[in-house]
There are 2 protein chains.
Amino acid sequence: MRLDEDLEEAAGGATGPGPGLRRARAWLSRAVEPGTIDFWRYVEDVGPVEAVRRLRAGAAPERIRALVGARAEEDATLADLARAERCGARLLVPEDDEWPALPLHALTLAVAAEPVGPKGQSDRTTALVPPLALWVRGTGRLDELVDRSVAIVGSRASTAYGEHVAGELGHDLGARDWTVVSGGAFGVDAAAHRGALVAEAPTLAVLACGVDRPYPAAHGALFHRIAETGLLVSEWPPGCAPLRHRFLVRNRLIAALTRGTVVVEAAARSGAQATARRARDLGRQVLIVPGPVTSAMSVGCHELLREEGLGAVLVSSAAQVVEAVGRIGEDLAPPVAGPESARDGLGDVAARVLDACPVRTGVGPERLAAVAGCDVLEVLRALPALELAGLVEWTGTGWRLAPPPKGRGGPGAAA
Amino acid sequence: MRLDEDLEEAAGGATGPGPGLRRARAWLSRAVEPGTIDFWRYVEDVGPVEAVRRLRAGAAPERIRALVGARAEEDATLADLARAERCGARLLVPEDDEWPALPLHALTLAVAAEPVGPKGQSDRTTALVPPLALWVRGTGRLDELVDRSVAIVGSRASTAYGEHVAGELGHDLGARDWTVVSGGAFGVDAAAHRGALVAEAPTLAVLACGVDRPYPAAHGALFHRIAETGLLVSEWPPGCAPLRHRFLVRNRLIAALTRGTVVVEAAARSGAQATARRARDLGRQVLIVPGPVTSAMSVGCHELLREEGLGAVLVSSAAQVVEAVGRIGEDLAPPVAGPESARDGLGDVAARVLDACPVRTGVGPERLAAVAGCDVLEVLRALPALELAGLVEWTGTGWRLAPPPKGRGGPGAAA
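Residues numbered from 1 in each chain as written. Chains lettered and ligands numbered in written order. Predicted model: local features only at pLDDT ≥ 70, side-chain atom pairs only at ≥ 80, totals over all residues. Heavy atoms only, no water.

For chain A, the name recorded in an unreviewed UniProt entry is DNA processing protein, with Blastococcus tunisiensis as its organism. Its UniProt record gives chain A the following Sequence similarities (unreviewed entry) comment, quoted word for word: "Belongs to the DprA/Smf family." (UniProt positions renumbered as here; feature names shortened; annotations may be inferred.)

J.: Even after reading the chapter, I still don't get the overall build of chain A, so can you show me in this structure?
T.: Counting secondary structure elements, chain A contains 18 helices and 11 strands. Its C-alpha radius of gyration of 31 Å places chain A more than 25% over the 22 Å reference for a compact globule of 415 residues. Dimensions of chain A, computed from C-alpha atoms along their principal axes, come out at roughly 105 × 45 × 40 Å. Sorting the 415 residues of chain A into buried and exposed places 55% on the buried side. Excluding contacts between residues fewer than 6 apart, the proportion of contacts in chain A whose partners are at least 24 apart in sequence is 74%. Total accessible area on chain A stands at roughly 16,800 Å², and carbon and sulfur atoms take up 53% of it. Within chain A, the 51 negative side-chain charges are centred at a point lying 4 Å from the centre of the 45 positive side-chain charges. (Helix = DSSP H or I, 4+ residues; strand = E, 2+ residues; numbered from the N terminus. Rg over C-alpha atoms; globule rule 2.2 N^0.38 Å. Buried < 20%, exposed > 50% of the residue type's maximum accessible area, 1.4 Å probe, protein only. Contact = heavy atoms within 4.5 Å. Areas by Shrake-Rupley, 256 points an atom, 1.4 Å probe, with all protein chains shown as cover. Lys, Arg positive; Asp, Glu negative; His and termini not counted. Charge placed at Lys NZ, Arg CZ, Asp CG, Glu CD.)

J.: What's the story with helix 16 (residues 348-356) of chain A in this structure? I'm lost.
T.: The buried fraction of helix 16 of chain A amounts to eight of the nine residues, a majority that puts the element mostly inside the structure. Those residues of helix 16 of chain A that sit buried are Asp 348, Ala 350, Ala 351, Arg 352, Val 353, Leu 354, Asp 355 and Ala 356 of chain A. If you follow the buried residues of helix 16 of chain A, they end up packed against helix 17 (365-372), helix 18 (376-388), strand 10 (392-394) and strand 11 (399-401) of chain A together with helix 12 (244-257) of chain B.

J.: When you look at the relation of the copies chain B and chain A in this model, what are you seeing that I'm missing?
T.: Here chain B sits on chain A after a turn of 180° about the axis and a move of 0.1 Å along it, with an RMSD of 0.1 Å. Taken together, the rotation and translation describe the operation of a two-fold axis. Within chain B, Gly 291 of chain B has its C-alpha nearest the rotation axis, a separation of 2.4 Å. (Least-squares fit on C-alpha atoms with pLDDT ≥ 70 in both.)

J.: How do you make sense of the UniProt feature "domain: Smf/DprA SLOG" (unreviewed entry) in chain A when you look at a structure like this?
T.: As annotated by UniProt and renumbered to match this structure, "domain: Smf/DprA SLOG" (unreviewed entry) occupies residues 129-325 of chain A. Taken end to end, residues 129-325 of chain A is 42% helix and 17% strand, and its two terminal C-alpha atoms sit 23 Å from one another.

J.: Please clarify how the packing of helix 9 (residues 160-175) of chain A against helix 15 (residues 318-325) of chain A should be interpreted in this entry.
T.: Think of two packed helices as two axes; the pair is described by the angle between the axes and how far apart they sit. Residues and elements named next belong to chain A. At a minimum axis distance of 9 Å, the contact between helix 9 and helix 15 shows a crossing angle of 55°. The orientation of helix 9 with respect to helix 15, classified from their angle, is oblique. Between helix 9 and helix 15 lies a crossing of right-handed hand. The segment helix 9 lies against helix 15, with Leu 169, Asp 172 and Leu 173 engaging Ala 318, Val 321 and Val 322. Class assignment for the residues of the contact of helix 9 with helix 15 results in five nonpolar, no polar and one charged. (Axes fitted to C-alpha atoms, helices over the stretch in contact; angles between N-to-C directions. Parallel < 35°, antiparallel > 145°, perpendicular 65-115°, else oblique. Left-handed = near helix turned anticlockwise from the far one by under 90°. Nonpolar A, V, L, I, M, F, W, Y, C, P; charged D, E, K, R; others polar.)

J.: What exactly am I supposed to notice about the interface of chain B and chain A here?
T.: Accessible area lost during the coming together of the parts is what is often quoted as the interface size. With 66 residues of chain B at the contact, the number on the chain A side is 66 residues. Between chain B and chain A lies a buried interface of about 5,600 Å² when both sides are counted; carbon and sulfur atoms form 55% of it. One can count two salt bridges joining chain B with chain A. The salt bridge involving Glu 323 of chain B is made with Arg 306 of chain A; its shortest N-O contact spans 3.2 Å. One can count 11 residue pairs in polar contact (both at pLDDT 80 or more) joining chain B with chain A. Listed by contribution, the elements that provide at least two residues to the side of chain B that touches chain A are helix 5 (62-68), helix 9 (160-175), helix 12, helix 14 (296-306), strand 9 (313-314), helix 15 (318-325), helix 16 (348-356) and helix 17 (365-372) of chain B. Looking at the side of chain B that touches chain A, its residues break down into 32 nonpolar, 14 polar and 20 charged. (Buried area = accessible area lost by both parts, 1.4 Å probe. Salt bridge = Lys/Arg side-chain N within 4 Å of Asp/Glu carboxyl O. Polar contact = N/O pair within 3.5 Å; in protein donor to acceptor, adjacent residues only side chain to side chain.)

J.: Mind showing me how you'd approach the sheet that holds strand 9 of chain B here?
T.: Backbone-to-backbone hydrogen bonds join strands into a sheet, with any given pair of strands oriented parallel or antiparallel. All names here are of chain B. Pairing is mixed in the open sheet, where nine strands are placed in the order 1-2-6-5-4-3-7-8-9. Strand pairing shows two members of the sheet lacking a second neighbour, strand 1 (89-92) and strand 9, which therefore form its edges. Bridge count for strand 4 (residues 179-182) against strand 5 (residues 203-207) is three bridges, and the pairing is parallel. Considered in strand 5, the bridge of Ser 182 is made with Ala 205. (Pairing = 2+ DSSP bridges.)

J.: Hey, could you run me through helix 10 (residues 188-198) of chain B in this one?
T.: An α-helix turns once every 3.6 residues. As a result, residues three or four positions apart point the same way. Residue and element names in this part refer to chain B. In terms of burial, helix 10 is largely enclosed, as nine of its 11 residues are buried. Along helix 10, the positions that sit buried rather than exposed are Val 188, Asp 189, Ala 190, Ala 191, Ala 192, His 193, Gly 195, Ala 196 and Leu 197. Looking at the buried positions of helix 10, the neighbouring elements they touch are strand 3 (149-153), helix 9, strand 4, strand 5 and helix 11 (220-229). Just downstream of helix 10 lies Glu 200, where phi reads positive at about 55°.

J.: How should I be thinking about the state of the cysteines in this particular structure?
T.: Two cysteines whose sulfur atoms are joined by a covalent bond form what is called a disulfide. Counted under the stated rule, the structure contains zero disulfides over all chains. Of all cysteine sulfurs in the structure, the one in Cys 240 of chain B sits closest to Cys 209 of chain B, which takes part in no disulfide; the separation is 8.6 Å. (Disulfide = S-S within 2.5 Å.)

J.: I'm lost on the pairing of strand 4 of chain B in this one. Help?
T.: All names here are of chain B. Side-chain alternation along strand 4 places Thr 179 and Val 181 on one buried face and Val 180 and Ser 182 on a second face that is also buried. Bridging between strand 3 and strand 4 involves three bridges; their strand directions are parallel. Within the sheet, the bridge partner assigned to Val 150 lies in strand 4 and is Val 180. A crossover connection joins strand 3 to the parallel strand 4 through helix 9; in handedness this β-α-β unit is right-handed. With helix 10 bridging strand 4 and the parallel strand 5, this β-α-β connection has right-handed handedness. (Right-handed = clockwise from strand over helix to strand, strands pointing away.)

J.: Explanation requested: the sheet that holds strand 5 (residues 203-207) of chain A in the structure shown.
T.: All names here are of chain A. Spatially, 1-2-6-5-4-3-7-8-9 is the arrangement adopted by the nine strands of the open sheet, whose pairing is mixed. Each having just a single partner strand, strand 1 (89-92) and strand 9 (313-314) make up the two edges of the open sheet. Both strand 3 (residues 149-153) and strand 7 (residues 260-263) contribute to a ladder of three bridges, which runs parallel. Bridge pairing in strand 7 places Ala 151 opposite Thr 261.

J.: Even after reading the chapter, I still don't get the packing of aromatic side chains, so can you show me in this structure?
T.: Each pair of aromatic rings is reported with the distance of its centres and the angle of its planes. All names here are of chain A. This structure, assessed with the given rule, holds four aromatic pairs over all chains. Aromatic side chains Tyr 215 and Phe 247 sit 6.1 Å apart centroid to centroid with 70° between the ring planes, which places their arrangement in the edge-to-face category. On the criterion of sequence distance, the pair formed by Tyr 215 in the loop between strand 5 and helix 11 (220-229) and Phe 247 in helix 12 (residues 244-257) is long-range, its members being 32 residues apart. (Phe/Tyr/Trp six-rings, centres within 6.5 Å; stacked < 30°, edge-to-face > 60°.)

J.: What is the right way to read the side chain of Thr 77 of chain A from this model?
T.: Its place among the elements puts Thr 77 of chain A in helix 6 (residues 77-86). Under the relative-accessibility criterion, Thr 77 of chain A is labelled buried at 1%.

J.: I tried to follow unusual backbone geometry on my own but got confused; where do I start?
T.: Glycine aside, negative phi is the norm for most residues, and most peptide bonds take the trans geometry. The omega angle of the peptide bond from Tyr 215 of chain A to Pro 216 of chain A is 0°, so this bond is cis rather than trans. At Asp 177 of chain B, a position not held by glycine, the phi torsion is positive, near 65°. On the basis of relative accessibility, which here comes to 62%, the residue Asp 177 of chain B falls in the exposed class.

J.: Got a minute to help me understand the pattern of salt bridges in this structure?
T.: Oppositely charged side chains can form a pair if their charged atoms are brought close together. Taken as a whole and assessed by the stated rule, the structure comprises 43 salt bridges over all chains. Across the pair Glu 98 of chain A and Arg 90 of chain A runs a salt bridge whose closest N-O atoms are separated by 2.8 Å. You can call Arg 90 of chain A partly exposed: its relative accessible area is 29%. Residues joined in a network through salt bridges with shared partners are Glu 33, Arg 71, Arg 124 and Arg 246 of chain B.

The following block contains the structure:
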């Protein structure tokens, strides 16, 4: 069927996402690079079907036609939809129930704040614009998968440390029924996806290229496993190449779809930093895993933690991530446990008497009082409790320290 | 000369720190453990000379006498002062010009906030009380050394990472004419002192024992080197042992004497954490060096960075430390530099045209326009600048990417 016939039928009043509407959105997703503010606004304004009809008829405003350029003549919609179907993918449109309307609403709010003219408008690589459609491949349902989701992003040139931490976080978040969202790239992204898969949890890779030819090619097996329980997601139609600028445009979706973005390793001035700042702009949690200050791959993380107004929170475990993005009342991380000691909770005098006790030869209470700087009576009052706690012992002629049970520190252990 | 005669002479109206006054302070420094709120208040109230006279005569209030206990009968002042002199040490008293009155004023303010009765009063190990006197050993002048000083504290059970960072910080701060203050302990403390010494900068070790028998004994050579240009400082008279609780009491001085405290490595519930919280209580900067989240020795650092209300700042270099503690207008850390790229600063259209260029076979502007999703005119406008920047080249039949100069990323390098 010709595109124009399908469009006419759709424009004729068919409600719900019929073939005409879906074809219109498919056409739009190839006509202009995603993230273009004015184009998204035009489609919102006249509707997707009418937008395509006018563009193909040359009836759209000049500046909208300029955005589409030579592509207005082309129609690859049937080929794109067929190609998607062949690899187990489908086109999700905002009119579908499965569309993640709630998380993406943050982008609608953000784009409303952009000026009307080109003056002062955000660049396409940074603009927070909702997607016109999403190509998804896999068995998961997008809206359900992103309901409890966290992004894990970071360097492709990650270290063993970064991959270890990303893998652990991915696993532990997956095990807690959180969906790990990442970009499918080498390094931190792949480690996070793999961690989630090990926990048998669905995970979501948001790509900057067609879902039928995911990039990087070396991740073919990984993408296949992701699609088995989770989803590969892209704004670009099948066959599209992972052009450099597309990664920047894609990053806003990773931030928007999730409740928070965890940055595991990032170099200075990296894409992961940009994603973190977008998460903040969208009202999402920005969570940072620190690393050695001697590692270039953690410089970006530390800069984010130092950045005033970003409100980034340091996290070192999945429990702390969940505490930050989870609902209030549930999901609280337990405090980090320190070594417990029988000394803890000793009063001032008791602690001084304990410190006054020698290691070998026992001494009398008067000597203890002189060393501890307190009354003999106070010493006599403190000793029974110290003995009960197994901290001191009576040698027959005086008091001395009891031998440590295991690994108790010597003098200065509390310094 | 007997103590009581010296005291009488001092009480007789001699102004300035004469032998009687100094002996009174020496006696007080042995009579009661430092950090005792009520004792410090009593000495402030009646004066050091009168306090000693009354305590020795049994005329002080009951609760003050109870603090001194059996020590009231003893007098080791001449022996202590002689012992100090033998090891090149002296007793500094608040009446001396060299007394670091300005930094220690924060403790005077803090103790004023403590309740009058014992109810609700801070424990001696946590109370922020000024010292009654300071035994100092070395050639430095205390007030001058601490004027531009930073504390570096951390775990004794440090890792190679912690020692490396502490050493670098100690060195770089020393090289910038900042005095590094620490506790002389194994691990982070020693690495910080050594770093400063390598930079030929004076450094200051605040001890929890007598300056004539610094602890740990294995640091004998280190303490000797510190004393050559800097100072060993202690509230405890010569010969005093490094009892466990004394380290906690000592830590408040490290925090008070310096403009900020840097924690390099700290376990959960460690003394370094306590020092950091005191620094905050005294209005000092709390600066934290992060580490791998997989390291138990960085858990305490990360907890401090997560602690609400602490206002701890992440630092990864001496420049950032100086920026935090330095005077406004001077001492600003340079931003971390990222890799520069000819792509930086390209407009949206130019970036898209660049991404549309193939690697091998050159293509015409029409093809570029179709791939980039823009007008042919825009392509023709963008190409000259891209060529000038060395990013694209004309093959004779079309445009293609110029070969990368060195290490330029492929697709997705910005992700």
